Amino acid sequence: LFHDIGKISIPDDILKKPGRLNALERKIIMTHPGRGGDILDSIPQLAELAPLARYHHERHDGKGYPLGLKGDEIPLTSMIVALADFYEALSSKRPYKDPWNVIDIVKEILSQRDKQFPGRVIDAMMEVLVDEKLVTQEQIQEKERELKAA
């Protein structure tokens, strides 16, 4: 929850909009990581969590926001939170989409290796999914083969 604390500063009509955001709404929503980082920085007991909020929309390939950080410039903890958030978003019902099944989520996550997420974070997530018996190692390998063939 702390990673999205900046959303308390975003109007509800934007947060709860059932369809796509327009350019202005997207610009507004893109302020939430920085605002969240600032909020957490202002609370001494929570200041160490500020990077989780501030950088969870950065991407491994540098195409994220708010700063366009790339690779090791992004704290590892922020990338872990970003991937958990990504999984949660795909697996949850939203006003604009039904939940995805776990196999489709795995394929989408694998497709983001070294793009949105670093490979080591994806590998750790796959280990968790196998340990939790949500997928098998064979299913992961099959999705990796499909992605290579595409």
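Rules behind the numbers
Residues numbered from 1 in each chain as written. Predicted model: local features only at pLDDT ≥ 70, side-chain atom pairs only at ≥ 80, totals over all residues. Heavy atoms only, no water. Axes fitted to C-alpha atoms, helices over the stretch in contact; angles between N-to-C directions. Helix = DSSP H or I, 4+ residues; strand = E, 2+ residues; numbered from the N terminus. Parallel < 35°, antiparallel > 145°, perpendicular 65-115°, else oblique. Left-handed = near helix turned anticlockwise from the far one by under 90°. Contact = heavy atoms within 4.5 Å. Nonpolar A, V, L, I, M, F, W, Y, C, P; charged D, E, K, R; others polar. Salt bridge = Lys/Arg side-chain N within 4 Å of Asp/Glu carboxyl O. Buried < 20%, exposed > 50% of the residue type's maximum accessible area, 1.4 Å probe, protein only.

How should I be thinking about the packing of helix α6 (residues 102-111) against helix α7 (residues 119-131) in this particular structure?
How two helices pack is summed up by the angle between their axes together with the distance between the axes. The interhelical angle for the contact between α6 and α7, taken along N-to-C directions, is 165 degrees, at an axis separation of 10 Å. By the criterion of interaxial angle, the relationship of α6 to α7 is roughly antiparallel. α6 and α7 meet at a crossing whose hand is left-handed. Residues V106, I109 and L110 of α6 pack against I122, M126 and L129 of α7. Taken together, the residues of the contact of α6 with α7 break down into six nonpolar, no polar and no charged.

It is not clear to me how the environment of D114 should be interpreted in this structure. Could you clarify?
Looking at the element boundaries, D114 is found in the loop between α6 and α7. Counting along the chain gives 20 residues from D114 to R94, while the straight-line C-alpha distance between them is 27 Å. Once residues within four sequence positions are removed from consideration, D114 is found in contact with H60, D61 and G119.

Would you take a moment to explain the pattern of salt bridges for this structure?
Counting across every chain of the model gives ten salt bridges. One salt bridge in this structure joins D61 and R59, with 2.8 Å as the shortest N-O distance. Of the two residues examined, D61 and R59, each falls in the buried class. A salt bridge links E146 to K107; the nearest nitrogen and oxygen atoms lie 3.1 Å apart. Taken together, the positions of E146 in helix α8 (residues 137-149) and K107 in helix α6 put the pair 39 residues apart, joining distant regions of the chain. Given the relative accessible area of 27%, E146 is considered partly exposed. On the accessibility criterion, K107 (31% relative accessible area) is partly exposed.

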